[in-house]
Amino acid sequence: NKQVIFRDFVSGFPQESDFIVSSSSIRLKLPEASNGVLLKTLYLSCDPFMRFLMESRPPATSYSPGSLLFGFGVARVLESAHSNFKEGDLLWGMLKWEEYSVVEEPEKLFKIQHTDVPLSYYTGILGMPGITAYFGFHDICSPKKGEYVFVSAASGAVGQLVGQLAKLMGCYVVGSAGSREKIELLKNKFGFDEVFNYKEERDLNAALKRCFPEGIDIYFENVGGKTLDAVLLNMRPHGRIAVCGMISQYNLGQSEGVHNLLRLMTQRVRMEGFRAPDYFHRYAEFLEAMLPYIREGKITYVEDTVHGLERGPAALIGLFSGRNVGKQVVAISTE
Ligand code: NDP
């Protein structure tokens, strides 16, 4: 059973050496006293929030040094002692980073009912990032047809969906990303109206003014820092900023200062944070909206897949240098 162990608390950018990949042989059997399920891991998800859990003093929980990494993933039930689950069931939710796992409270995981889409989608478009994009955009941003929308980290797990949902609403959508390949995707695959590579722009304020001569109604915030400061200078009256995340700040120790917050007052802008788990109870409603979009080809989803648990740590830390193109998935087994 291959596993990924978290070595010790991290400060600054995480490194591959912060993780240990170990291997041991196990009996593929539920322990006698178990009331849970034995799972085979199929896909694991690399998500930026995992960086928070590497801090010694995060807001809530953290990884314990020497213990297994965990995060979202997809698994198949090999054996069950739980009345709600049977062999062959497919589940997504919080899993340990190992090939085989015993889960004592499988009712905390979601049962996968729809298998006409790739199973890996339950780490992305039909999993936590999808919920984030869907409710973050519709509930927090209150979008209206024709509004001007800006999305940062626009080619990623969340951003590519926000952009496409905004287009479906009839908005004018601009995305920023950090490479030419990503810019191409935004324009040619996801249908963004305008795009820019933030690494090639000397003046982000000027780039935004070029793309939004009339200003921004909605900013879906994924990166923070200098981008947020430039956006604040371009918000229209009564605009909304959904604070989904600020990935540019996660490895800094102390966050950069933001200078232009007074614009919230002058422009009567609402800035609101939210978290995906706030919406997990609305999963059925989310699926009802998202599945037809996928089946009818109205939304596409780009994944970046590495194969094998041993490639997981590099894939995870790659999120913080923008190595991933699309949703970063670790495929463990496709059987
Ligand atoms: P992505 O798939 O977008 O991967 C992360 C991307 O962030 C990288 O590919 C990179 O793209 C960009 N990035 C990394 N470092 C920087 C930097 N210093 N400045 C600007 N961009 C950077 O990740 P997700 O879509 O999963 O997550 C996007 C955001 O949403 C994150 O802030 C995350 O924390 C947040 N989030 C929040 C949730 C919530 O519940 N509120 C749930 C899920 C995600 P590039 O090459 O373009 O720089």
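Residues numbered from 1 in each chain as written. Predicted model: local features only at pLDDT ≥ 70, side-chain atom pairs only at ≥ 80, totals over all residues.

For the protein chain, the name recorded in an unreviewed UniProt entry is NADP-dependent alkenal double bond reductase P2-like, with Cucurbita maxima as its organism.

**Student:** Would you take a moment to explain the domain arrangement of the protein chain for this structure?
**Tutor:** Where interface size is quoted, it is often the accessible area lost as the parts come together. The assigned domain composition of the protein chain is domain 1 (2–124 + 302–331) and domain 2 (128–277). Each of domain 1 and domain 2 has a C-alpha centre, and these two points are 29 Å apart. Of the residues lining the interface, 14 residues belong to domain 1; the matching set on domain 2 comes to 17 residues. (Domains from an automatic or database assignment. Contact = placed C-beta atoms within 7 Å.)

**Student:** Explain the pairing of strand β12 (residues 235–243) here, please?
**Tutor:** Bridge count for strand β11 (residues 216–221) against β12 is 5 bridges, and the pairing is parallel. Bridge pairing links isoleucine 218 to arginine 240 in β12. Pairing geometry for β12 and strand β13 (residues 270–273), over 4 bridges, is parallel. The residue bridging alanine 242 from the neighbouring strand is glutamate 272, located in β13. (Pairing = 2+ DSSP bridges. Helix = DSSP H or I, 4+ residues; strand = E, 2+ residues; numbered from the N terminus.)

**Student:** Help me understand the nonpolar core in this model?
**Tutor:** A general feature of soluble globular proteins is that nonpolar side chains tend to end up buried together. By size, the foremost hydrophobic cluster in this structure holds 93 residues, and its most contacted members are Val162, Phe220, Val231 and Val330. The dominant element in this core, judged by the number of residues it contributes, is helix α1 (residues 128–141), at 8 residues. Here this core gathers at least three residues from each of two domains, domain 1 (2–124 + 302–331) and domain 2 (128–277). Once residues within four sequence positions are removed from consideration, phenylalanine 220 is found in contact with Gly136, Phe137, Cys141, Val151, Val162, Ala242 and Cys244. (Core = buried A, V, L, I, M, F, W, Y, C linked by C-beta atoms within 7 Å. Buried ≥ 20, exposed ≤ 12 C-beta atoms within 10 Å, placed from the backbone.)

**Student:** Please clarify how the site of the ligand should be interpreted in this entry.
**Tutor:** Not every one of the 29 residues close to the ligand is listed here, only the nearest: Gly156, Gly178, Gly245, Ser248 and Gly322. Here the residues of the shell around the ligand sort into 15 nonpolar, 10 polar and 4 charged. (Near = placed C-beta within 6 Å. Nonpolar A, V, L, I, M, F, W, Y, C, P; charged D, E, K, R; others polar.)

**Student:** How should I be thinking about helix α4 (residues 204–211) in this particular structure?
**Tutor:** Working note: α-helix, 3.6 residues per turn, so residues spaced by three or four point in the same direction. Along α4, the residues classified as buried are Leu204, Ala207 and Leu208. Down the axis of α4, the buried set is contained in an arc of 95°. They therefore lie on one face. (Arc of directions from axis to C-beta.)

**Student:** I keep staring at the packing of α1 against helix α2 (residues 159–168) and nothing clicks. Help me out?
**Tutor:** Helices that pack against each other are described as a pair by the angle of their axes relative to one another and the distance between those axes. Between α1 and α2, the least distance of the axes is 9 Å, while the angle of their chain directions is 40°. The angle between the axes of α1 and α2 places the two elements in the oblique class. For the element pair α1 and α2, the recorded crossing hand is right-handed. On α2, the residues that touch Gly130, Ala133, Tyr134 and Phe137 of α1 are Leu161, Val162, Leu165 and Ala166. When grouped by side-chain class, the residues that make up the contact of α1 with α2 number 7 nonpolar, 1 polar and no charged. (Axes fitted to C-alpha atoms, helices over the stretch in contact; angles between N-to-C directions. Parallel < 35°, antiparallel > 145°, perpendicular 65-115°, else oblique. Left-handed = near helix turned anticlockwise from the far one by under 90°.)

**Student:** I keep staring at the environment of arginine 76 and nothing clicks. Help me out?
**Tutor:** If you trace the backbone, arginine 76 turns up in strand β4 (residues 70–80). Assessed through the 19 C-beta atoms surrounding it within 10 Å, arginine 76 is described here as partly exposed. Along the backbone, arginine 76 and glycine 88 are 12 residues apart, and their C-alpha atoms lie at a distance of 5.9 Å.

**Student:** Which parts of the structure should I look at to understand the sheet that holds β11?
**Tutor:** The strands that make up a sheet are held in pairs by hydrogen bonds between backbone atoms, and each pair lies either parallel or antiparallel. Overall, parallel pairing links the 6 strands, which are arranged β10-β9-β8-β11-β12-β13 in an open sheet. If you trace the sheet from one side to the other, it starts and ends with β10 (194–197) and β13, each paired once. Put simply, the sheet's adjacent strands are angled 15° from each other on average, direction ignored. By the bridge criterion, 4 bridges tie strand β8 (residues 148–151) to strand β9 (residues 172–177) in an arrangement that is parallel. If you follow tyrosine 148 over to β9, its bridge partner there is tyrosine 172.

**Student:** Just checking my understanding: could you explain the environment of glycine 215 for this structure?
**Tutor:** Along the chain, glycine 215 turns up in the loop between α4 and β11. When the 15 C-beta atoms within 10 Å are taken as the criterion, glycine 215 is described as partly exposed. Remark: the alpha-carbon pair of glycine 215 and valine 149, spanning 66 residues in sequence, is separated by 9.3 Å.

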